[in-house]
Amino acid sequence: MMTTRLLLMSFCVFCFFGLIKAQEQENYFLEEPEDAVHVEMTLEEVIDLAHEQSLYSFRSRNMYLARYWEFRSYQADRLPILSLDATPVNYDKSVVSRFDEERGEYFDQRSYFTSDASLSVRQNVPWTGGVFDITSSLSRSQNLDDSDDTQYASVPVSIGFTQPLNGYNRFKWESRIEPLQFEKAKREYLQSLESIAIQATDYFFGQVTAEINLKIAETNYSNADTLYNIGKGRFEIGTVTQDELLDLELGLLNAQMEVTRAKIDLRQARAALNSFLALEDNVIIDCVVPDEVPALKIEPERAMALAIENNPEILDYQQRLMEAEQNIARARSESGLSADIRANFGINKNSDDFGLAYGSPFGDQQQIRVSLNIPILDWGLRKGQIQMARSNRDVTEATVKQERVDFEQDLFIRIMEFNMQEKQVEISAKADTIAQKGYDVTKQRFLIDKVDVIKLNSARNSLDAARRNYISSLQQYWRSYFQMRQITLYDFVNDRPLMKELDELLQQQ
């Protein structure tokens, strides 16, 4: 049995030597570039840089600007619109049917040149849903077959009003929904900035973890090399068996492989952080780990009130309910009598002289038009549309109610988790200190042959786990903190709402 174990361990050592030789060839590609530039950055500086120049920040800002201009279009639709419509050139040569008493119906070719232009002001009327307009127009018609046959038609002023009578006023619903939607867009933009902060935190601590793993791997390799040399000396005097020596050699080879893996992981982590921050490949960020966290406890009641006041999801619930009611109103307007009324009053004049086209007296221009659409038999189509809209409204109300409950429960759990993070950081920091002291003691005892390799490896594993757990607890604290800011849109450290920073943030982008 002992011989089989020794052969197996010897074979493993031989395989490891082959792997290490191949990995040594890869180390060349893991070295820093010759023009590498090291820049020390704290977590706060990394987040600020991400807000300033990352692709995610650029995309979030432009999504917000798109919604901003959409809201501006809604506002512009409420203002008077001045427009010019013109057809400066219209040449028409065609054969037309004519009739006179002597010849009866006959065909004749004619050639006409016409042009026209109109200037109009249109104003939507949000209170009624109608449209008020003022128009002035002029047209010219010339018979090219008769040089004396030229006519001018002018409408110096024409005032009109168009009003739908179906009971649905889109301006009224837009005035309720559009401002709400824009307010939601502003808060979603702020949330996206906090999302960027969370991503920056993950990339930052991802590199920190890779750096620590490399330090751990290098330390473990140095310790394994020392222990292996000590083991060889003790093997020669017979205090260490051959299988224990092979264990030490395998530990050394494993440690060497871990160094190579850690270098690869660090290179990948640095590349990921640089890509996120839109930095050149030769820039190497030296992460300055925050050694302290704010002594902060969030009251659940206050956080809940802030979330209900600021979170865009609450506005989204309101918007969806309004849109459901809007769909019912639209379905009702399309299910019964549909009517429009158009009234138009103005003055006009025709003349064969341009100077007289705008001379007094003018003729009256009056128009009143009422159009009706009355459904007589539609086999329940319109009634079904109303019932479907009502059913969708009921489903939306139930869904929103459940989502609101889930939102509040999820927020409460997140608050509890955040309030535990500070203690977790404190405990993990103490555990790291204790594990370091324990490993130092165990190592000294091994050097004087008081403990075996198994206990030394156990102490080293505990130290590595404690260090990684400390960094992980720091990362989780800051992730949880930015998540709380994202949900409540409130800066708990400086005790102020994030909405006040919106204009400053937009100017910095």
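Residues numbered from 1 in each chain as written. Predicted model: local features only at pLDDT ≥ 70, side-chain atom pairs only at ≥ 80, totals over all residues. Heavy atoms only, no water.

(A) Seen up close, the packing of aromatic side chains. On inspection of all chains with the given rule, the structure shows 16 aromatic pairs. Summarising the aromatic geometry, the rings of Y64 and Y189 are spaced 5.2 Å apart at their centres and angled 35 degrees between planes, so their arrangement reads as tilted. Taken together, the residues Y64 in helix 3 (residues 55–76) and Y189 in helix 4 (residues 170–237) connect sequence positions 125 residues apart. Just as Y64 is buried, Y189 falls in that class too. (Phe/Tyr/Trp six-rings, centres within 6.5 Å; stacked < 30°, edge-to-face > 60°. Helix = DSSP H or I, 4+ residues; strand = E, 2+ residues; numbered from the N terminus. Buried < 20%, exposed > 50% of the residue type's maximum accessible area, 1.4 Å probe, protein only.)

(B) Summary view of the pattern of salt bridges. Taken as a whole, this structure holds 22 salt bridges when the rule is applied. Across the pair D495 and R302 runs a salt bridge whose closest N-O atoms are separated by 2.7 Å. Note that D495 is positioned in the loop between strand 9 (490–491) and strand 10 (496–497) and R302 in helix 6 (residues 300–310), a separation of 193 residues in sequence. E426 is the salt-bridge partner of K423, the closest N and O atoms lying 3.9 Å from each other. You can see K423 and its partner E426 sitting in helix 8 (residues 381–447), three residues apart, about one turn around the helix. Here K423 falls in the partly exposed class, since its relative accessible area comes to 46%. Under the relative-accessibility criterion, E426 is labelled partly exposed at 36%. (Salt bridge = Lys/Arg side-chain N within 4 Å of Asp/Glu carboxyl O.)

(C) Just the packing of helix 4 against helix 8, in detail. Closest axis-to-axis distance for the helix 4/helix 8 pair is 11 Å, and the angle between their directions is 20 degrees. Taken together, helix 4 and helix 8 sit at an angle that is classed as roughly parallel. Like other packed secondary-structure pairs, helix 4 and helix 8 cross with a definite hand, here left-handed. Here N223, L227, I230 and R234 of helix 4 come into contact with helix 8, specifically with Y439, K443, F446 and L447. Here the contact of helix 4 with helix 8 is built from residues that sort into five nonpolar, one polar and two charged. (Axes fitted to C-alpha atoms, helices over the stretch in contact; angles between N-to-C directions. Parallel < 35°, antiparallel > 145°, perpendicular 65-115°, else oblique. Left-handed = near helix turned anticlockwise from the far one by under 90°. Contact = heavy atoms within 4.5 Å. Nonpolar A, V, L, I, M, F, W, Y, C, P; charged D, E, K, R; others polar.)

(D) Structural context of the packing of helix 3 against helix 4. For the pair helix 3 and helix 4, interaxial distance at closest approach is 10 Å and the crossing angle is 170 degrees. Viewed along their axes, helix 3 and helix 4 adopt a mutual orientation that is roughly antiparallel. Of the residues assigned to the contact of helix 3 with helix 4, the class counts are ten nonpolar, six polar and seven charged.

(E) Region of interest: helix 7 (residues 312–335). A rise of 1.5 Å per residue sets the reference length of helix 7, with its 24 residues, at 34 Å; its end C-alpha atoms lie 34 Å apart and thus fit the reference within 8%. Turning to helix 7, its buried residues are P312, I314, L315, Y317, Q319, A324, Q326, I328, A331, S333 and S335. Residues of helix 7 that are buried make contact with helix 4, helix 6 and helix 8. A side-chain oxygen of the first residue of helix 7 lies 2.8 Å from the backbone nitrogen of E313; this N-cap is N311. (Expected span 1.5 Å × (residues − 1). Polar contact = N/O pair within 3.5 Å; in protein donor to acceptor, adjacent residues only side chain to side chain.)

(F) Highlighting a negative patch on the surface. A contiguous patch of negative charge, built from E44, E45, D48 and E52, is present on the exposed surface. By the secondary structure assignment, D48 is in helix 2 (residues 43–53). (Patch = residues over 30% accessible without salt bridge, like charges linked within 9 Å, V, L, I, M, F, W, Y side chains within 5 Å. Areas by Shrake-Rupley, 256 points an atom, 1.4 Å probe, with all protein chains shown as cover. Lys, Arg positive; Asp, Glu negative; His and termini not counted. Charge placed at Lys NZ, Arg CZ, Asp CG, Glu CD.)

(G) Representation of unusual backbone geometry in the model. We note that A278 has phi near 60 degrees; this positive angle belongs to a residue other than glycine. We note that L489 has phi near 50 degrees; this positive angle belongs to a residue other than glycine. Examined against the element boundaries, L489 turns out to sit in the loop between helix 9 (453–488) and strand 9.

(H) Local environment of the side chain of R342. Relative to the helices and strands, R342 resides in strand 7 (residues 338–351). Within the structure, R342 has its side chain in polar contact with the side chain of D133 (distance 2.7 Å). If near-sequence neighbours (up to four positions away) are discounted, R342 is found in contact with D133, G160, F161, T162, Q367, I368 and R369.

(I) Layout of the nonpolar core. Judged by nonpolar contacts, the single largest core of 56 residues is most densely connected at L277, I298, W478, M484 and F492. Tallying contributions element by element places helix 4 first for this core, with 13 residues. In this view, F492 contacts L296, I298, R302, L306, Y481 and M484; residues no more than four positions away in its chain are not counted. With 16 residues, the next largest nonpolar core counts L227, L252, A255 and A435 among its residues. (Core = buried A, V, L, I, M, F, W, Y, C linked by side-chain atoms within 4.5 Å.)

(J) Structural context of the environment of R261. Mapped onto the elements of the fold, R261 is located in helix 5 (residues 242–277). The class for R261 is partly exposed, based on a relative accessible area of 39%. With 47 residues separating them along the chain, R261 and L214 place their C-alpha atoms 8.4 Å apart.

(K) Structural view of a nonpolar patch on the surface. Taken together, the side chains of L82, L84, L119, V121, F132, I134, V157 and I159 present a nonpolar region at the surface, about 660 Å² in accessible area. At the level of secondary structure, the elements contributing two or more residues to the nonpolar patch comprise strand 2 (81–100), strand 3 (104–125), strand 4 (130–143) and strand 5 (150–164).

(L) Representation of the confidence of the model for the protein within the structure. In this model, the protein carries an average pLDDT of 83, and 88% of its residues clear a pLDDT of 70 or more. By mean pLDDT, the top-scoring element of the protein is helix 2 (93), and the lowest-scoring one is helix 1 (residues 2–30) (48). Counted against residues more than four places away or in other chains, residues 5–14, with its pLDDT under 50, gives 14 contacts. Ignoring residues within four places in sequence, the model shows residues 16–26, a span with pLDDT below 50, making 14 contacts including any to other chains. (pLDDT = per-residue confidence, 0-100.)

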